[in-house]
Amino acid sequence: MAIILITGASRGIGFETARALVTEGHTVWMGCRDESRGRQAATTAGGRFVHLDVTADESVRAAATAVGALDVLINNAGVLEPDVPLPDVTTSHLTAIFDTNVFGAVRTTNAFLPALLQSSSAAVLNVTSSIGSLTKSADFTDEFTAYPQDVYRASKAALNMFTVQYAKAYPALRVNCVDPGLTGTDMMNGFGQPPAVAAATIVRIATAGPDGPTGRFLGADGVVPW
Ligand code: NAP
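Conventions and cut-offs
- Residues numbered from 1 in each chain as written.
- Predicted model: local features only at pLDDT ≥ 70, side-chain atom pairs only at ≥ 80, totals over all residues.
- Heavy atoms only, no water.
- Helix = DSSP H or I, 4+ residues; strand = E, 2+ residues; numbered from the N terminus.
- Buried < 20%, exposed > 50% of the residue type's maximum accessible area, 1.4 Å probe, protein only.
- Contact = heavy atoms within 4.5 Å.
- Areas by Shrake-Rupley, 256 points an atom, 1.4 Å probe, with all protein chains shown as cover.
- Lys, Arg positive; Asp, Glu negative; His and termini not counted.
- Charge placed at Lys NZ, Arg CZ, Asp CG, Glu CD.
- Expected span 1.5 Å × (residues − 1).
- Pairing = 2+ DSSP bridges.
- Core = buried A, V, L, I, M, F, W, Y, C linked by side-chain atoms within 4.5 Å.
- Axes fitted to C-alpha atoms, helices over the stretch in contact; angles between N-to-C directions.
- Near = heavy atom within 4 Å.
- Polar contact = N/O pair within 3.5 Å; in protein donor to acceptor, adjacent residues only side chain to side chain.
- 1 Å grid on protein atoms, 1.4 Å probe; cavity = no way out; pocket = protein on both sides within 12 Å on 5 of 7 lines; lining within 4 Å.
- Sits in = over half its atoms within 2 Å of the grid points.
- Nonpolar A, V, L, I, M, F, W, Y, C, P; charged D, E, K, R; others polar.
- Parallel < 35°, antiparallel > 145°, perpendicular 65-115°, else oblique.
- Left-handed = near helix turned anticlockwise from the far one by under 90°.

Novice: Now, about the overall build of the chain: what can you tell me, with residues and values included?
Specialist: From N to C terminus, the chain includes seven helices and eight strands. Judged by the C-alpha coordinates and their principal axes, the chain covers about 45 × 40 × 30 Å. Taken across its 226 residues, the chain has 48% of its residues classed as buried. Restricting the contact set of the chain to residue pairs at least 6 apart, pairs at least 24 apart contribute 65%. Approximately 10400 Å² of the chain is accessible, and the part contributed by carbon and sulfur atoms is 56%. Positive and negative side-chain charges of the chain, numbering 15 and 20 respectively, have mean locations separated by a distance of 5 Å.

Next comes the structure, spelled out in structure tokens:
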């Protein structure tokens, strides 16, 4: 059984993933930025609460100290809004989304790297989206091409690149990214598959063990094109 931390575990896919991992018998740290929602979520799921705001250096550093030993980090915390048309995009729009989806994942990964490198079965799993796929986005016949969210797409594409770079830099770790699929959480106003289905995909990849793949973009049906 592994010691696993998932960020953004207060609700949605992160919460359901934590609940599923606890059911499998893992020790699960649930990183949440809101203490009262986070403690409530951890009580409900049977995980351990740790305060973790992925946009704040001090919070992430303190979480790494509180958690200690770690086998698997799941960078799940993410934001979608605000969506603005391309000509209206400003650096503050970019910062608002990249701060969580990209900088947050890098900040958290780096803070937990020393602990992960002590594990014999270490993994980092970045929760991305297939709409961050350059291949799919450049295919104008793809079903999601018409879906806007230019900045969110770019943030997930950047997260995918960091996934590859960490996988190359740390061959002792398995570093992958996963598209959980369109899921009916708050982020999608309830439209999509049940969060437990997304959680099952994440759990399978996160717990694949030392023989699992690394440097891959994976989804429920296998490899997703970059
Ligand atoms: P959600 O229901 O909106 O939940 C987002 C989670 O991220 C919440 O727990 C939120 O915490 C947390 N979070 C946001 N900013 C944070 C920060 N600065 N520090 C720590 N936690 C933070 O979204 P979701 O659908 O579960 O999405 C989870 C992940 O899946 C995201 O990375 C998203 O991009 C990805 N994804 C989702 C879908 C989908 O269809 N839903 C599809 C593809 C990929 P609070 O409760 O404190 O706000």
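Novice: Could you give me a rundown of helix H6 (residues 150–169), with the residues and numbers involved?
Specialist: In an α-helix, one full turn covers 3.6 residues, which means residues spaced three or four apart are oriented alike. Here H6 is 20 residues long and its end C-alpha atoms lie 29 Å apart, about the 28 Å a rise of 1.5 Å per residue gives. Among all positions in H6, only Val-151, Tyr-152, Arg-153, Ser-155, Lys-156, Leu-159, Asn-160, Thr-163, Tyr-166 and Ala-167 are buried. Summarising the contacts, the buried residues of H6 are in contact with helix H4 (91–116), strand E5 (123–127), helix H5 (134–137), strand E6 (174–178) and strand E7 (217–219).

Novice: I'd love a proper account of the pairing of E6, names of residues and values included.
Specialist: With respect to burial, E6 is a largely interior element, five of its five residues being buried. Neither face of E6 is left uncovered, since the one carrying Arg-174, Asn-176 and Val-178 and the one carrying Val-175 and Cys-177 both have all their residues buried. Where E5 lies against E6, five bridges are found, and the strand directions are parallel. Paired with Val-124 across the strands is Val-175, a residue of E6. In this sheet, E7 lies alongside E6 in parallel orientation, the contact comprising two bridges. Counted as the bridge partner of Cys-177 is Phe-217 from E7.

Novice: Which residues make up the nonpolar core, and what values go with them?
Specialist: In this structure, Met-30, Ile-74, Leu-125 and Ile-202 are the most contacted members of the largest nonpolar core, which totals 27 residues. Among the elements of the structure, strand E1 (3–7), helix H1 (12–23), strand E2 (27–32), helix H2 (35–45), strand E4 (72–75), E5 and helix H7 (195–206) are those that each provide at least two residues to this core. Looking at this core element by element, the count peaks at five residues for H7. If sequence neighbours within four positions are ignored, Ile-202 has contacts with Ile-13, Thr-17, Ile-74, Leu-125, Val-127, Val-178 and Pro-180.

Novice: Give me the lowdown on the sheet that holds E2, citing residues and values where you can.
Specialist: Pairing in this open sheet of eight strands is mixed, and the strands run E3-E2-E1-E4-E5-E6-E7-E8 from one edge to the other. On the outer flanks of this sheet lie strand E3 (48–51) and strand E8 (222–223), each paired with one strand and no other. Sheet strands touched by helix H3 (residues 57–67): E2 and E3. Its angle to E3, the strand with the most contacts, is close to 145°. Docked against the sheet, H4 engages E1, E4 and E5, running at close to 175° with respect to E4.

Novice: Summarise the site of the ligand; cite the residues concerned and give the values.
Specialist: Around the ligand lies a shell of 30 residues, among which Ser-10, Arg-11, Tyr-152, Thr-183 and Thr-185 are the nearest. One nitrogen or oxygen atom from the main chain of Ile-13 is found 2.8 Å from an oxygen atom belonging to the ligand. Contact with the protein chains hides 96% of the accessible area of the ligand, taken as 900 Å² for the molecule alone. Cavity membership is defined here by more than half of the atoms lying within 2 Å of grid points; on that basis the ligand lies in the largest pocket. For the shell around the ligand, the secondary structure elements donating two or more residues are H1 and H6. For the shell around the ligand, the class distribution of residues is 11 nonpolar, 12 polar and seven charged.

Novice: Run through the packing of H1 against H7, naming residues and quoting values.
Specialist: If you want to describe how two helices pack, look at the angle between their axes and the distance between the axes. At a minimum axis distance of 8 Å, the contact between H1 and H7 shows a crossing angle of 60°. One element, H1, and the other, H7, form an angle in the oblique class. Handedness of the crossing formed by H1 with H7: right-handed. Mapping the contact onto sequence places Gly-12, Ile-13, Glu-16, Thr-17, Ala-20 and Leu-21 in H1 and Pro-195, Ala-196, Ala-198, Ala-199, Ile-202 and Val-203 in H7. When grouped by side-chain class, the residues that make up the contact of H1 with H7 number nine nonpolar, two polar and one charged.

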